[in-house]
Amino acid sequence: MSAAMDTESTYSGYSHYSGHSKKAHRQGRDRHKSPRSKDGSRSEKSVTIQTPPAEPLLGNDASRAEEGQDDNWGETTTAITGTSEHSISQEDIARISKDLEDSVGLDCKRYLGLTVAAVLGLLVFLTPIAFILLPQILWRDDLEPCGTVCEGLFISVAFKLLILLIGTWALFFRQPKADLPRVFVFRALLLVLIFLFVFSYWLFYGVRILDSKDTNYQGIVQYAVSLVDALLFIHYLAIVLLELRQLQPTFTVKVVRSTDGESRYYSLGHLSIQRAALVVLENYYRDFTVYNPALLTASKSRAAKHMAGLKVYNVDGNNASGQSRAMIAAAARRRDSSHNELYYEEADHERRVRKRRARLVVAVEEAFTHIKRLQAEEQQKAPGEMMDPREAAQAIFPSMARALQKYLRTTRQQQYHSMESILQHLSFCITNNMTPKAFLERYLNPGPTLQYDRDRWFSKQWTLVSEEAVTSGLQDGVVFVLKCLDFSLVVNVKKIPFIKLSEEFIDPKSHKFVLRLQSETSV
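Residues numbered from 1 in each chain as written. Predicted model: local features only at pLDDT ≥ 70, side-chain atom pairs only at ≥ 80, totals over all residues. Heavy atoms only, no water.

Undergrad: Got a minute to help me understand the sheet that holds strand β2 (residues 263–268) in this structure?
TA: Adjacent strands of a sheet pair through backbone hydrogen bonds, lying either parallel or antiparallel. Taken together, the five strands give an open sheet; going across it, the order is β2-β1-β5-β4-β3, and neighbouring strands pair in antiparallel fashion. A strand with exactly one partner marks an edge of an open sheet, and here the two such strands are β2 and β3 (463–466). For this sheet, the mean inter-axis angle between neighbouring strands, taken without regard to orientation, is 25 degrees. As paired elements, strand β4 (residues 479–483) and strand β5 (residues 488–495) share five bridges and run antiparallel to each other. (Pairing = 2+ DSSP bridges. Helix = DSSP H or I, 4+ residues; strand = E, 2+ residues; numbered from the N terminus. Axes fitted to C-alpha atoms, helices over the stretch in contact; angles between N-to-C directions.)

The following block contains the structure:
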C-alpha cells in the first residue's frame, strides 16, 4: 500500500500539466479566432487530429514539439489546434471512408478464398470414398467378388488419404500473416489444376462406370487408388512451387527508410513483388529500430531558423543596393557558421545524454540493491508475508522514476514507454532475478518495432506502390515502395551476380626443399 502511495505521489505533478494544457488551449483558440473568421475554409483544412498514446509516461502528450525544447519540454509544451480537438476535415472523412471500404473488400476476398479452398478440399477427400461406395449402394448384387485384393486396396486408400490429409493441413491450413492486394498466382493455379483433375475423374467415372454399371469392382477400386496417387503427386508439386522454389537466394534487396535513411540488406529467392514486400515487412519489424518522429523535429527547426535569416527588405521603395548587399553578406556569413552551431548543439546533446544515462544507471543499481536487501529480510519471515514481484516493483519504482523520466525525455523515447509498461518490465526482471543492466537494456538503446506495444508502432497499414504488376516476379533493377502514414520504405532489387570459380593445382613437390650444410660451419 505504501508503494502505491509513493508511486502516486511521484506522478502527482501531472495534473498541473493537464491544467496548463487546457489553459493554453483556450488561449490558442482565442488567438486563432480572427484568422478563422477571415478565411473559414482555410482554417477547416488545417485542422488535425492527434490521438495521444494511452497512459503516457509522466503525462507527456506533446512528443513532437518543434523547437526551443529544454530538459522539461514534456511539461511546458502543449499541442494547440485551430478549432476543437475533436474536429475533423473533409479530407479526413474521405480517407476514413476509403479505409473502411478497403477493409471490407479485403475481408470479403479473404473469406471467399478460404471458402472456395475448403469446399474444393472437401470434394477432393470425399471423391475416392464416393468412387468406392457408389457401386456398393447402387448395384451391389451384380458386382463380381473381389476378396483379399480389394481389402488390401482399401487399406492402401485409407493410409494414403490420411497422409494427404496431414500434408494438406501442414501446407495450406495456416494462420494468414497478411492480406495481400492480389491473389497468390501459384496457389490459384494449383486450385484450378485440382478442380480440373477431379472434374475429369468424375466425368470419366460417370460415363464409363455409372452409366454402364460396371461389375468389375476390383477395377473400380483401383481407379480410386489411382486418383489418390495422383492427388499425392499434386501435393508434392504444391510443396515445390510454394515452399522449395523460393529457398535458394537469387536477389539482394536494399531497404531504406525514407525519413532517417536507415537501411538493411536481405537475400530473397524467386518471389512475386507482393510476397517480397511481405518478407521485407516481416524483417522490418524485427531488424529496424522503432520509428521516432520526435528525432526529426530538431533538424527541421534548425533549417527553418536559417532560412528565416536570409530575408532582405527594401524600405520605402528605394534601391538601397549597398545596404542590401551588406545584409546578404551578413546572412551568408551566418549561413557559413551554421555548421559550428550544429556541432555545438550535438556536443551539448551528447553531454546531457551521458549525464542523464549515468544518473539513471546509478539510480537503478541502488534500487536493485534495495530489492536484494528486502529479499534477504523476507527470507527470514513467514511464507505468507513475502512480497509479490508487482509490489516490489511499485516499491522501488519511485526511486528511479525521476532519472528515467529525464533520460527518456532527453532521448525522445517517452512516447514509447508508459508507466504501466515500465512497471511490468520491472516486475518481470525481479521475477526472473535479472540484473540492473538487463533492465536498462530496453531504455538505453532503441529496440526493434516488435519490442514495443502495437499502439506505438506508427505503422500498421501499408500500401504497395510499384510500376510493375505486384504478381510478377522479382527482376534486376525493380524498385517498389511500401508506404504507411508517416514514412515509407524504398526497396531496390539487385540480382546476385553469377560467380565463376576456377581451380589452380599446386604440385605437392613444389613445397619440398633441400637444406645443404657446409662442413666448415659450426652447425
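Continuing now.
Undergrad: I keep staring at the UniProt feature "transmembrane region" (unreviewed entry) in the protein chain and nothing clicks. Help me out?
TA: Cross-referencing UniProt, the feature "transmembrane region" (unreviewed entry) maps to residues 111–133, 153–172, 184–204 and 224–244 in the present numbering. In the segment residues 153–172, helix accounts for 100% and strand for 0%; the C-alpha atoms at its two ends are 28 Å apart. (UniProt positions renumbered as here; feature names shortened; annotations may be inferred.)

Undergrad: Please clarify how the packing of helix α15 (residues 419–431) against helix α16 (residues 436–444) should be interpreted in this entry.
TA: Packed helices, taken two at a time, are described by the angle between their axes plus the distance between the axes. Following both chains from N to C, one finds α15 and α16 inclined at 150 degrees, their axes separated by 9 Å at the closest point. Considered as vectors, α15 and α16 are oriented roughly antiparallel to each other. Note that α15 runs across α16; the crossing there is right-handed. When α15 is examined against α16, the residues Ile422, His425, Leu426 and Cys429 are found in contact with a partner set consisting of Ala438, Phe439, Arg442 and Tyr443. Split by residue class, the contact of α15 with α16 holds six nonpolar, one polar and one charged. (Parallel < 35°, antiparallel > 145°, perpendicular 65-115°, else oblique. Left-handed = near helix turned anticlockwise from the far one by under 90°. Contact = heavy atoms within 4.5 Å. Nonpolar A, V, L, I, M, F, W, Y, C, P; charged D, E, K, R; others polar.)

Undergrad: How should I be thinking about a nonpolar patch on the surface in this particular structure?
TA: A contiguous nonpolar patch, built from Ile155, Phe159, Leu162, Leu165, Ile166, Trp169 and Phe173 and spanning about 800 Å² of accessible area, is present on the exposed surface. Relative to the helices and strands, Trp169 is located in helix α7 (residues 148–172). (Patch = residues over 30% accessible without salt bridge, like charges linked within 9 Å, V, L, I, M, F, W, Y side chains within 5 Å. Areas by Shrake-Rupley, 256 points an atom, 1.4 Å probe, with all protein chains shown as cover. Salt bridge = Lys/Arg side-chain N within 4 Å of Asp/Glu carboxyl O.)

Undergrad: Looking at this model, I keep getting lost on the packing of aromatic side chains. Mind explaining?
TA: Geometrically, a pair of aromatic rings is defined through the distance of the ring centres and the angle of the planes. Applying the stated criterion across every chain yields a total of 20 aromatic pairs. Taking the centre distance of 6.3 Å and the plane angle of 15 degrees together, the rings of Phe195 and Phe199 count as stacked. Of this pair, Phe195 and Phe199 both sit in helix α8 (residues 185–210), four residues apart, which is roughly one turn of the helix. Pairing Tyr284 with Phe487 gives two aromatic rings, centres 6.0 Å apart and planes at 40 degrees, and the pair type is tilted. Pair noted here: Tyr284 is in helix α10 (residues 273–287) and Phe487 is in the loop between β4 and β5, with a separation of 203 residues, a long-range link. With a relative accessible area of 0%, Tyr284 lands in the buried category. A residue is classified by how much of its surface remains accessible, and Phe487, at 4% relative accessible area, is buried. (Phe/Tyr/Trp six-rings, centres within 6.5 Å; stacked < 30°, edge-to-face > 60°. Buried < 20%, exposed > 50% of the residue type's maximum accessible area, 1.4 Å probe, protein only.)

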